[in-house]
Amino acid sequence: MQTNSLTSDGVSCTIALVPGSGFKLAYLGPAAGSDKHQNVRPAVLPASPDHVPGPSLMAARGAGYAGAGLVDAICQPSGRRINLSPRHMTQVSETELVLHAGDETCGVEAETRLSLEYGVLKIRTIIRNAGGEVVDLHRCVAGLVPLPDWADDTVMTHGGWAREGHGSRRPLGAGRVQRVGRLGRSGFDGSPAVTICERAAGTDSGRVMALHLAWSGSHSISVERLPDGSGEICAEAQYEPGEIRLAPGEQLETPELIVVIGTSGFDELQARLHRLARRLSREVFRPVHFNTWEARYFDLNEDALVALAKGAAALGAERFVLDDGWFAGRRDDTTSLGDWEPDPDLFPHGLAPLAGRIRELGMSFGLWVEPEMVSRKSRLHEQHPDWVLGYPDPDAPTGRNQLVLDLSNRDVQDHLYARLSACLDAAPIEYLKWDCNREIYPDTVDGVARGTRHVIGVYSLMDRLRARYPQIEIESCASGGGRIDFGILPRVTRFWASDATDALDRIRIQRSLSAYIPMEMLGCHVGPAPNPITGRVFSIRFRALVAMFGHFGLELDPDKLSASDRTALAHAIQVHKRFRPWMHSGHVRAIPSADANLDITLIESADGNHALVRVLRTGMAPYSLHPNIAIPGLDHSASFAVAEVSFDGGTDTGLGIASAEGLAWTGLDMDPIKPNQGRLFYLRRITENA
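Computed from a prediction, not measured in an experiment: that's the story for all the values here.

1. Some details on the overall build of the protein chain
Working step 1: Scanning the protein chain from N- to C-terminus turns up eleven helices and 38 strands.
Working step 2: For a compact globule of 690 residues, the expected C-alpha radius of gyration is about 26 Å, and the protein chain comes in at 27 Å, within 12% of that figure.
Working step 3: Projected onto its principal axes, the C-alpha positions of the protein chain cover 80 × 70 × 45 Å.
Working step 4: By sequence separation, contacts in the protein chain at least 24 residues apart represent 67% of the contacts at least 6 residues apart.
Working step 5: By element, 50% of the accessible surface of the protein chain is carried by carbon and sulfur atoms, the whole surface being about 26300 Å².

2. Brief notes about the pairing of strand S38 (residues 677–685)
Working step 1: Most of S38 sits out of view: seven of its nine residues are buried.
Working step 2: Looking at chain direction, strand S35 (residues 610–617) and S38 are connected through eight bridges and run antiparallel. Counterpart to Ala611 in the pairing with S38 is Leu683.
Working step 3: Of the strand pairs in this sheet, strand S36 (residues 639–644) and S38 are connected by five bridges, and their pairing is antiparallel. Looking at the pairing, Glu644 lines up with Phe681 of S38.

3. Some words on the packing of aromatic side chains
Working step 1: Per the stated rule, a full pass over the model turns up 13 aromatic pairs.
Working step 2: Plain terms: the ring middles of Phe290 and Phe320 are 5.7 Å apart, the flat faces sit at 15° to each other, and that makes the pair stacked. Residue Phe290 is located in strand S21 (residues 289–291), and its partner Phe320 is located in strand S22 (residues 319–322); the two are separated by 30 residues in the primary sequence. Per residue, the accessibility class of Phe290 equals that of Phe320, and both read buried.

4. Things to note about the sheet that holds strand S26 (residues 431–435)
Working step 1: The eight strands are arranged S21-S22-S23-S26-S29-S30-S31-S32 in a closed barrel whose pairing can be described as parallel. Pairwise comparison of adjacent strand axes, ignoring direction, gives a mean angle of 30° for this sheet.
Working step 2: Both S22 and strand S23 (residues 364–369) contribute to a ladder of four bridges, which runs parallel. Following the sheet pairing, Arg319 is matched in S23 by Ser364.
Working step 3: Helix H4 (residues 352–360) rests against S22 and S23 of the sheet, and its axis sits at about 135° to S23.

5. Quick word on the pairing of strand S7 (residues 108–117)
The side chains of a regular strand alternate between the sheet's two faces.
Working step 1: Judged by how many residues are buried, S7 sits mostly within the fold: eight of ten residues are covered.
Working step 2: As judged from the eight bridges shared by strand S6 (residues 96–103) and S7, these two strands associate in the antiparallel manner. Bridge pairing in S7 links Glu96 to Ser115.
Working step 3: Taken together, S6 and the strand that follows it, S7, pair antiparallel across an intervening segment of four residues, in which Gly107 is found at a positive phi of about 75°.
Working step 4: Sheet topology places S7 next to strand S8 (residues 120–129); ten bridges connect them, and they run antiparallel. If you follow Val108 over to S8, its bridge partner there is Asn129.
Working step 5: Between the end of S7 and the start of S8, which pair antiparallel, lie two residues, with Tyr118 showing a positive phi angle near 55°.

6. Some words on helix H10 (residues 563–583)
Working step 1: A rise of 1.5 Å per residue sets the reference length of H10, with its 21 residues, at 30 Å; its end C-alpha atoms lie 29 Å apart and thus fit the reference within 8%.
Working step 2: Of all the bends in H10, the greatest, near 25°, is centred on Lys577, and the proline Pro581 appears no more than four residues after it.
Working step 3: When we look at burial in H10, the residues that qualify are Leu569, Ala570, His571, Ala572, Ile573, Val575, His576, Phe579, Arg580, Trp582 and Met583.

7. Considering the sheet that holds S36
Whether parallel or antiparallel, the strands of a sheet pair through hydrogen bonds between backbone atoms.
Working step 1: If you walk across this open sheet you meet the six strands as S33-S34-S35-S38-S36-S37, and the pairing is antiparallel. Here the strands that pair on one side only, and so sit at the sheet edges, are strand S33 (587–590) and strand S37 (653–659). With direction set aside, neighbouring strand axes in the sheet form an average angle of 20°.
Working step 2: Packing against the sheet, helix H9 (residues 540–547) makes contact with S35, S36 and S38, and its axis sits at approximately 45° to S38.

8. Describing the nonpolar core
In a soluble, globular protein the nonpolar side chains are often hidden away together inside.
Working step 1: Counting 187 residues, the largest nonpolar core has Ile15, Met209, Leu322, Trp326 and Leu612 as the members making the most contacts within it.
Working step 2: With eight residues, the single largest contributor to this core is H10.
Working step 3: Ignoring any residue separated from it by four or fewer positions in sequence, one finds Leu612 in contact with Phe549, Phe579, Trp582, Met583, Thr601, Leu602, Ile603, Val645, Leu680, Phe681 and Tyr682.
Working step 4: Residues Leu634, Phe640, Leu668 and Phe681 belong to the second largest nonpolar core, which totals 20 residues.

9. Observations regarding unusual backbone geometry
Backbone geometry follows two general trends: most residues other than glycine have a negative phi, and most peptide bonds adopt the trans configuration.
Working step 1: Going from Tyr391 to Pro392, the amide bond is cis rather than trans, its omega being 10°.
Working step 2: With respect to the secondary-structure elements, Pro392 resides in the loop between helix H5 (379–383) and strand S25 (402–404).
Working step 3: Of note, the amide linkage connecting Ala529 to Pro530 takes the cis form, showing an omega dihedral of 0°.
Working step 4: Tracing the chain through its elements places Pro530 in the loop between strand S31 (522–526) and H9.
Working step 5: At Asp9, a residue that is not glycine, the phi angle is positive and equals roughly 50°.
Working step 6: Mapping Asp9 onto the fold places it in the loop between strand S1 (2–8) and strand S2 (11–18).
Working step 7: Positioned with a positive phi, Ala162 is a non-glycine residue whose angle comes to about 65°.
Working step 8: Looking at the secondary structure, you find Ala162 in the loop between strand S11 (153–158) and strand S12 (166–171).
Working step 9: Taking the relative accessible area as the measure of exposure, Ala162 reaches 5% and is therefore buried.

10. Comments concerning the environment of Ile123
Working step 1: As for its placement among the helices and strands, Ile123 is situated in strand S8.
Working step 2: Residue class for Ile123 comes out buried when judged on its relative accessible area of 2%.
Working step 3: Note: C-alpha distance between Ile123 and Leu213 (90 residues apart in sequence) is 9.5 Å.

11. Details of H9
Working step 1: Of all eight residues in H9, seven are buried, a share of seventy percent or more.
Working step 2: Turning to H9, its buried residues number three or more, namely Ile540, Phe542, Arg543, Ala544, Leu545, Val546 and Ala547.
Working step 3: Here the buried face of H9 lies against helix H8 (503–513), S31, strand S32 (551–554), H10, S35 and S38.

12. Looking at the packing of H8 against H9
Working step 1: Their axes nearest at 10 Å, the elements H8 and H9 cross at an angle of 10°. As far as their axial angle goes, H9 and H8 are roughly parallel. Residues Ala503, Leu504, Arg506, Ile507 and Gln510 of H8 touch H9, and the partners they reach there are Phe542, Arg543 and Val546.
Working step 2: Within the contact of H8 with H9, the residues separate by chemical class into five nonpolar, one polar and two charged.

13. Focus: the pattern of salt bridges
A side chain of one charge can pair with a side chain of the opposite charge if their charged atoms are brought near each other.
Working step 1: Using the criterion set out here, one finds 50 salt bridges in the structure.
Working step 2: Here Arg272 ties to Glu268 by a salt bridge, and the two come within 3.8 Å at their closest N and O atoms. Remark: Glu268 and Arg272 occur in helix H1 (residues 266–280); sequence separation between them is four residues, near one turn of the helix.
Working step 3: For Lys577, the salt bridge identified is with Glu318, shortest N-O distance 3.8 Å. With Lys577 in helix H10 and Glu318 in the loop between helix H3 (302–315) and S22, this pair connects stretches of sequence that are 259 residues apart.
Working step 4: One salt-bridge network, held together by shared partners, links Glu96, Glu109, Glu111, Arg113 and Arg128.

14. A look at the packing of H3 against H4
Working step 1: Packing of H3 against H4 leaves a shortest axis separation of 10 Å and a crossing angle of 15°. Considered as vectors, H3 and H4 are oriented roughly parallel to each other. Note on packing geometry: the crossing formed by H3 with H4 is right-handed. Mapping the contact onto sequence places Glu302, Asp303, Leu305, Val306 and Ala309 in H3 and Pro353, Leu354, Arg357 and Ile358 in H4.
Working step 2: Residues of the contact of H3 with H4, tallied by class, amount to six nonpolar, no polar and three charged.

Conventions and cut-offs
- Residues numbered from 1 in each chain as written.
- Predicted model: local features only at pLDDT ≥ 70, side-chain atom pairs only at ≥ 80, totals over all residues.
- Heavy atoms only, no water.
- Helix = DSSP H or I, 4+ residues; strand = E, 2+ residues; numbered from the N terminus.
- Rg over C-alpha atoms; globule rule 2.2 N^0.38 Å.
- Contact = heavy atoms within 4.5 Å.
- Areas by Shrake-Rupley, 256 points an atom, 1.4 Å probe, with all protein chains shown as cover.
- Buried < 20%, exposed > 50% of the residue type's maximum accessible area, 1.4 Å probe, protein only.
- Pairing = 2+ DSSP bridges.
- Phe/Tyr/Trp six-rings, centres within 6.5 Å; stacked < 30°, edge-to-face > 60°.
- Axes fitted to C-alpha atoms, helices over the stretch in contact; angles between N-to-C directions.
- Expected span 1.5 Å × (residues − 1).
- Bend = angle between axes of the 7 residues up to and from the residue.
- Core = buried A, V, L, I, M, F, W, Y, C linked by side-chain atoms within 4.5 Å.
- Parallel < 35°, antiparallel > 145°, perpendicular 65-115°, else oblique.
- Nonpolar A, V, L, I, M, F, W, Y, C, P; charged D, E, K, R; others polar.
- Salt bridge = Lys/Arg side-chain N within 4 Å of Asp/Glu carboxyl O.
- Left-handed = near helix turned anticlockwise from the far one by under 90°.

The quantities given are spatial measurements derived from coordinates; they are silent on function.
If you want it as structure tokens, here you go:
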């Protein structure tokens, strides 16, 4: 029996090649416990195969295994089914291992590559056609992970547009729990991800494991308890029939499956995922945003935008983002997508004069685009009707009155690259708000599926633009809430968390997303009141507090605010800027409360010298007397000067010195008392870390 191990950042992974059973995950967990491998030689079970197939990292169907298996494929024209057999393992380095399997009859070779870096396991599969027939690949799993014995519950999210971030935790019994996205884009129900945990797991205790498929297209991720009591977690991109056909010499490489484990509850998972996200994305300064959409919608002209910019600059905004409506003929959402040239009636000299005036006000300039989409009423569609997914169907279904361009087509990519480059060359644009306002359907051209290659084309277009304009920042904005995943993450620096800017809804949405995306990468904006989606009204201070820990922004018309609200918002922006230097690299965690109407969030600087505690009350307390709020998890050897942060431009209110142990045991009187109010507390370590 061959065994190989990987170790990184306190995590160890051991794989065993067991004759007759394949590649077994002998261990995945803390490095200190890696001497306690699981039993990889299970006994033959009654009424079961004699060779004990069981869960394997490259499991094959057709050998008595009840699970999904790694690959479903056939050779054409013979119709022979691919049947992979394990061969050997190659230890590439201390952090990388390759598992080899193949089908000698068909000439198909398979590799499952595992890498363990920074305590994060990454798995991907490569299928190579070394035979003489075409291989029709129906499905290929990125990663098969045997279900740990301690896995009792699954945790997933669900939701719809402007209703994202609802969580569900359910017992893992017999059968399959599956999340499937069939519409070509990771959507409002959350990233292609699942978390499993033991029954007692909570915020800071218990064994937990998170799995994320780094892919922005159709996907499936499932957790299944098999009839014999074993189980597997299966993550894969979803391929349409006939979509993946490998000619001799061709290969398919799947997206990566990211696996993160923790022994101390969900906070540990979150911290590991945040570290990974920060390594994958580019570190950038995050200016306070002002976005024009909910201030002006399609009612744009240069003078009105400059007036809007002056109001935004007076509040403290540092980046001005011109949203939808700036390009030729665009007066509503029925026309002109694809014609990426400034409207000559609105901007007779292009966008450069407007961008120049914005910069004179001390703000950088950003622009909304939706490159993947096209309106039927557009010059581009008139010239190239064959460039859209759904061609040649003249009645192909639209969403938001638009069709999807076929980015698997290199000519389409080249056209979009040229048009976007022309925009970026013509004006000092530092930021692109890259929207994708509908799912990718239908995903065919001339009846041939293109969905997978379309996603790869989106990645390619972004990569080309980033290579030519290395300082450009891109925000992933898929109607807000969509396409927030680890596939798009290396190409963007920001995600628009949701089109819902209602403060109460945003508490839930931001909490859900921050389970894996760092808060500073989430666009968190102060919206108007009444809120345009819910109609609810909240104070400007409450709205600002909800947005405080993320990438702060404004989604409103300053001229429609009262003088007192403008002052309060300006003070809130000053507070955000005051703490931003350490807040945007800090560790954020939720503090549980028995009061369901109390939301408590702590963000601690990377060096442990600073912390902010935000306390939001969303409903009445169950009792008239409000208990102290305990703040666990700080360095127990430290003491902190505690103050309530002022939002009126004055000095903070000092509350004295408190030890970390005292904060964890006794806590402080932090309750905002009334619903839809909040308080912010600053904790400064007295003896700072070296």
